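# A structural walkthrough
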Amino acid sequence: GESVGLHLPTLSVQEGDNSIINCAYSNSASDYFIWYKQESGKGPQFIIDIRSNIDKRQGQRVTVLLNKTVKHLSLQIAATQPGDSAVYFCAENFSEMGSYIPTFGRGTSLIVHP
Amino acid sequence: DSGVTQTPKHLITATGQRVTLRCSPRSGDLSVYWYQQSLDQGLQFLIQYYNGEERAKGNILERFSAQQFPDLHSELNLSSLELGDSALYFCASSDGSARETQYFGPGTRLLVL
């Protein structure tokens, strides 16, 4: 789930299981959301995005669900693999003066056990 | 490899000093973003430039400044450094379209002693 405080929440799963990572966003004006994956020692990497006019979007092994009513976003990873081990961030974006201002969640650490 | 390059990879300096971090965006990208990532604050948006002009400002301290040059590379200047400025600094670029998918560089790790 979404982190609170200094420590990242951790999700531990077995290889092959499905993973669900949750994120609560704060700004009801946010209309564009992105999930990023950050491996140790690397910059965040784009995984999937979703605009607020839809509530579900699928990619390769990943699905993002958006619930605007409760300001909640989730990332589902199917058949999780050891290479999926990383910190996952959600980012909410709202448009101000023609530009998107991103606000990142604190992240969730996903650990996949072989 | 995202196509975004950042130099230097590591930087160690002392309090009170000034440093410059450099970023080259992906070919064709007009927007450059700067972020600070620290253990206690997570990933914080600092500032965005689009085609040489400042477009959006986030939680950037007055001691910090940035610019984007005509060749679209960007520099982040950090001055009067404090211990708390120790962090990873990421640059990201996008094509400036409405989609605004950002591609992150590998980061510069700054350590202020």
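Structure report, in brief. (Residues numbered from 1 in each chain as written. Chains lettered and ligands numbered in written order. Predicted model: local features only at pLDDT ≥ 70, side-chain atom pairs only at ≥ 80, totals over all residues. Heavy atoms only, no water.)

Let's shift gears to the sheet that holds strand E6 (residues 62–67) of chain A. All names here are of chain A. With antiparallel pairing, the 4 strands of this open sheet are ordered in space as E2-E7-E6-E5. With partners counted over all chains shown, the strands left at the sheet margins are strand E2 (19–24) and strand E5 (56–58), one partner each. Each strand axis lies, on average, 15 degrees off the axis of its neighbour in the sheet, ignoring direction. Of the pairings in the sheet, the one linking E6 to strand E7 (residues 72–77) comprises 6 bridges and is antiparallel in character. (Pairing = 2+ DSSP bridges. Helix = DSSP H or I, 4+ residues; strand = E, 2+ residues; numbered from the N terminus. Axes fitted to C-alpha atoms, helices over the stretch in contact; angles between N-to-C directions.)

Accessible area lost upon the coming together of the parts serves often as the stated size of an interface. Counting from both sides, the interface comprises 21 residues of chain B and, opposite them, 21 residues of chain A. At the level of elements, strand E4 (31–38), strand E5 (42–50) and strand E6 (53–57) of chain B are the ones that each hand at least two residues to the side of chain B that touches chain A. For the side of chain B that touches chain A, the leading source of residues is E5(B), giving 4 residues. Residues of the side of chain B that touches chain A, tallied by class, amount to 10 nonpolar, 7 polar and 4 charged. (Contact = heavy atoms within 4.5 Å. Nonpolar A, V, L, I, M, F, W, Y, C, P; charged D, E, K, R; others polar.)

Tallying each qualifying case throughout the model produces 11 aromatic pairs over all chains. Each ring, one from Tyr33(B) and one from Tyr35(B), has its centre 6.5 Å from the other, and the planes form 20 degrees; the classification is stacked. The ring of Tyr32(A) has Arg51(A) sitting right over it, with the charged end atom 4.2 Å from the ring centre. In this structure, Arg26(B) is placed above the aromatic ring of Tyr103(B), and the distance from its NZ or CZ to the ring centre is 3.8 Å. (Phe/Tyr/Trp six-rings, centres within 6.5 Å; stacked < 30°, edge-to-face > 60°. Lys NZ or Arg CZ within 6 Å of the ring centre and 35° of its normal.)

This next bit is on the sheet that holds strand E7 (residues 64–68) of chain B. Residues and elements named next belong to chain B. The 4 strands are arranged E1-E3-E8-E7 in an open sheet whose pairing can be described as antiparallel. Pairing within the sheet leaves two strands with one partner each, and these edge strands are strand E1 (5–7) and E7. With direction set aside, neighbouring strand axes in the sheet form an average angle of 15 degrees. Where E7 and strand E8 (residues 74–78) come together, 5 bridges link them in antiparallel fashion. Residue pairing in the sheet places glutamine 67 in a bridge with glutamate 75 of E8.

Another point: the environment of Leu88(B). Residues and elements named next belong to chain B. Structurally, the position occupied by leucine 88 is in strand E9 (residues 87–94). Judged by relative accessible area, leucine 88 falls into the buried class, the value being 16%. Taking C-alpha positions, leucine 88 is 8.8 Å from leucine 111, a pair spaced 23 residues apart along the chain. Setting aside residues no more than four positions away along its own chain, leucine 88 makes contact with Tyr35, Gln36, Gln37, Thr108 and Arg109. (Buried < 20%, exposed > 50% of the residue type's maximum accessible area, 1.4 Å probe, protein only.)

In the structure shown here, the tally under the stated rule is 2 disulfides over all chains. Each sulfur of the disulfide joining Cys23(A) and Cys90(A) lies 1.6 Å from the other. One end of the pair, Cys23(A), is in strand E2; the other, Cys90(A), is in strand E8 (residues 86–96), and 67 residues separate them in sequence. Each sulfur of the disulfide joining Cys23(B) and Cys91(B) lies 1.7 Å from the other. Where Cys23(B) bonds to Cys91(B) through sulfur, the torsion about that S-S bond is close to -45 degrees, and the disulfide is left-handed. Of this pair, Cys23(B) sits in strand E3 (residues 19–24) while Cys91(B) sits in strand E9; the two residues are 68 residues apart in sequence, bridging distant segments of the chain. Side by side, Cys23(B) and Cys91(B) carry an identical accessibility label, which is buried. (Disulfide = S-S within 2.5 Å.)

Remember, this is a structural readout, not a statement about activity or role.
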